[in-house]
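Below are the chains, spelled out letter by letter.
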Amino acid sequence: MPRLANDCFANSDDMISAQEALGRIHNAVDQSVGIENCLLANCANRVLAETIYAPRNVPPADNSAVDGYAFAYSDYEKKPHQFRTVVGRSAAGAPYQGEVSETDTVKILTGAVMPKSLDSVAMIEDVQIENDKVRLPIGLKPGANCRKAGEDITKGNLLLEKGTLLRPQEVGYLASIGLSEISVFRPVTVALFSTGDELINPGSLEFEGSIFDSNRMILAAILRGFGCQVTDLGILKDELEIVRSALLKASETHDLVITSGGVSMGDEDHVKNALLKAGQLNFWRIAIKPGRPLALGHIGDAAFVGLPGNPIAAMVCCLKFVRPLVAALSGVTLAPALSFQAHAAFSIQKKPGRTEWLRARYTAGSQGIGEIEKFHTDGSGVLSSVIWANGLIELGDEVTKIDQGDLVTFLPFSELMK
Ligand SMILES: Nc1nc2c(c(=O)[nH]1)N[C@H]1C(S)=C(S)[C@@H](COP(=O)(O)OP(=O)(O)OC[C@H]3O[C@@H](n4cnc5c(N)ncnc54)[C@H](O)[C@@H]3O)O[C@H]1N2
Ligand code: MOO
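Just so it is clear, the model here is predicted, and its values are computed rather than measured. (Residues numbered from 1 in each chain as written. Chains lettered and ligands numbered in written order. Predicted model: local features only at pLDDT ≥ 70, side-chain atom pairs only at ≥ 80, totals over all residues. Heavy atoms only, no water.)

### Quick look at the pattern of salt bridges
Thinking step 1. Scanning the entire structure with this criterion turns up 16 salt bridges.
Thinking step 2. Of the charged contacts, one joins Glu-356 and Arg-354 as a salt bridge, the two residues approaching to 2.9 Å between their closest N and O atoms.
Thinking step 3. A cluster of three or more residues bridged by salt bridges with shared partners is formed by Asp-75, Lys-79 and Arg-84. (Salt bridge = Lys/Arg side-chain N within 4 Å of Asp/Glu carboxyl O.)

### Section: the domain arrangement of the chain
Thinking step 1. What the domain assignment reports for the chain is domain 1 (3-32 + 187-330), domain 2 (39-57 + 156-185), domain 3 (63-147) and domain 4 (340-416).
Thinking step 2. Distance from the C-alpha centre of domain 1 to the C-alpha centre of domain 3: 66 Å. (Domains from an automatic or database assignment.)

### Looking at the site of ligand 2
Thinking step 1. Residues in contact with ligand 2, as listed here, are Pro-290, Gly-291, Arg-292, Asn-310, Ala-313 and Ser-380.
Thinking step 2. At a separation of 3.1 Å, an oxygen atom of ligand 2 approaches a polar side-chain atom of Asn-310.
Thinking step 3. For the shell around ligand 2, the class distribution of residues is two nonpolar, three polar and one charged. (Near = heavy atom within 4 Å. Polar contact = N/O pair within 3.5 Å; in protein donor to acceptor, adjacent residues only side chain to side chain. Nonpolar A, V, L, I, M, F, W, Y, C, P; charged D, E, K, R; others polar.)

### Focus: the pairing of strand S8 (residues 105-108)
Thinking step 1. Inspection of the sheet shows strand S6 (residues 68-71) paired to S8 by three bridges, in the antiparallel sense. Residue pairing in the sheet places Ala-70 in a bridge with Val-106 of S8.
Thinking step 2. Where strand S7 (residues 83-90) lies against S8, three bridges are found, and the strand directions are parallel. The residue bridging Val-86 from the neighbouring strand is Thr-105, located in S8. (Pairing = 2+ DSSP bridges. Helix = DSSP H or I, 4+ residues; strand = E, 2+ residues; numbered from the N terminus.)

### Considerations on the sheet that holds strand S10 (residues 128-130)
Thinking step 1. If you trace the six strands from one edge of the open sheet to the other, you get S9-S6-S8-S7-S11-S10, paired in mixed fashion. Bordering the open sheet on either side are strand S9 (120-123) and S10, each of which pairs with just one other strand. Averaged over all pairs of adjacent strands, the angle between strand axes in this sheet comes to 40°, irrespective of strand direction. (Axes fitted to C-alpha atoms, helices over the stretch in contact; angles between N-to-C directions.)

### Structural notes on helix H7 (residues 311-330)
Thinking step 1. Along its length, H7 reaches its greatest deviation from straightness, about 40°, at Cys-318.
Thinking step 2. Gly-331 lies just past H7 and shows a positive phi near 85°. (Bend = angle between axes of the 7 residues up to and from the residue.)

### Side note on the nonpolar core
Thinking step 1. Core analysis: the largest hydrophobic core is formed by 52 residues, its most contacted members being Leu-223, Leu-256, Leu-307 and Phe-321.
Thinking step 2. With 13 residues, H7 is the single largest residue contributor to this core.
Thinking step 3. Judged by nonpolar contacts, the second largest core, of 19 residues, contains Val-257, Ala-278, Trp-284 and Ala-302. (Core = buried A, V, L, I, M, F, W, Y, C linked by side-chain atoms within 4.5 Å. Buried < 20%, exposed > 50% of the residue type's maximum accessible area, 1.4 Å probe, protein only.)

Now the structure itself:
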């Protein structure tokens, strides 16, 4: 179980800035999850828990980059027009084993080990072949078409640092040095609840005022994309004792407990009070839109996040606040999500003193200069907005207006969901 630092749990009702909230999330985790061994074949999207140094050179020996004829440059430099006797053949996995004079040549296939005393290769389509002899083209350079031992990976060099997220290319990189099993952080376990008497599962019988639970589907999918092992614990009724005991129980077997809904100020919003009874509250309200009510805390050794109920607020807050929390727990060294600037195709006024994320769509624009539209309403329950959008515009606390043509910062969903 990862341990959470207690010292910053200020138990405050004050609204804090998005920056402050991110800082507190970072400080709240002082230890990531444990480690386990994993077969390399199953390691994609896992986080490396050891620093890896190269135990060997890759490639292990000088070899040919092309199909052709291997030759000694020192002799070719003196007699480029000479016909050279083909004394043998070197194929990938079946190297030429014999001796070869530097006036002779060996037929060589791509990837085959270079015969001793030869250092350069002419491509097969460029040579003149007569019986068992070949004449090389002029103008070849020393070491032509030869890949040197260790040119990719040099024995002893640092390859990958602890905390690296293993993308397909890192898995292949580790395979190339011959590793079959490595040490990785185990996945972060997340208990996921929805709260609300109005909620029903898709497929269930409807009643007056009922709402199908969409948050759990969105959040579980996002969290799995972050590499978490998600336990879907269903819907909690709006009753303080039910919420408190469910959170406490889930905290005993998970690294992170997440709820959505019931976190603002209504009579039936019990999440904050349940957290205060079961564990400790760090912060509860952030100066942001969407998602002002968002509770961070911990219950025992488990981290806790109470996301707002409105589906867009829950989704955006998961991408902006749960993502770095999961990263801290999971041991990964999180590279900042890539964002870029493009011109706004709209004008708006904005209240200063809070960070806002607008649902936005980036398009290449007519002259290939990118432009960004915003969705026509800001309603926090409008899921069609995120179907239309391909990312978010981030507007900092200080921004008071955007005029058409201004540069704005765009965060693609694809970057925020990994
Ligand atoms: N007096 C105040 N009222 C509200 C404030 C505030 O600061 N003061 N903040 C508003 C903001 S902003 C948000 S966001 C919401 C968040 O409220 P809750 O977290 O308590 O969410 P609920 O009231 O439970 O639900 C809000 C809304 O979302 C629907 N919902 C909830 N869960 C789901 C789900 N799993 N799937 C689909 N839809 C869900 C729910 O039916 C409500 O319509 O508070 C404002 N109020
Ligand atoms: O976050 Mo709330 O979603 O602004 O309504």
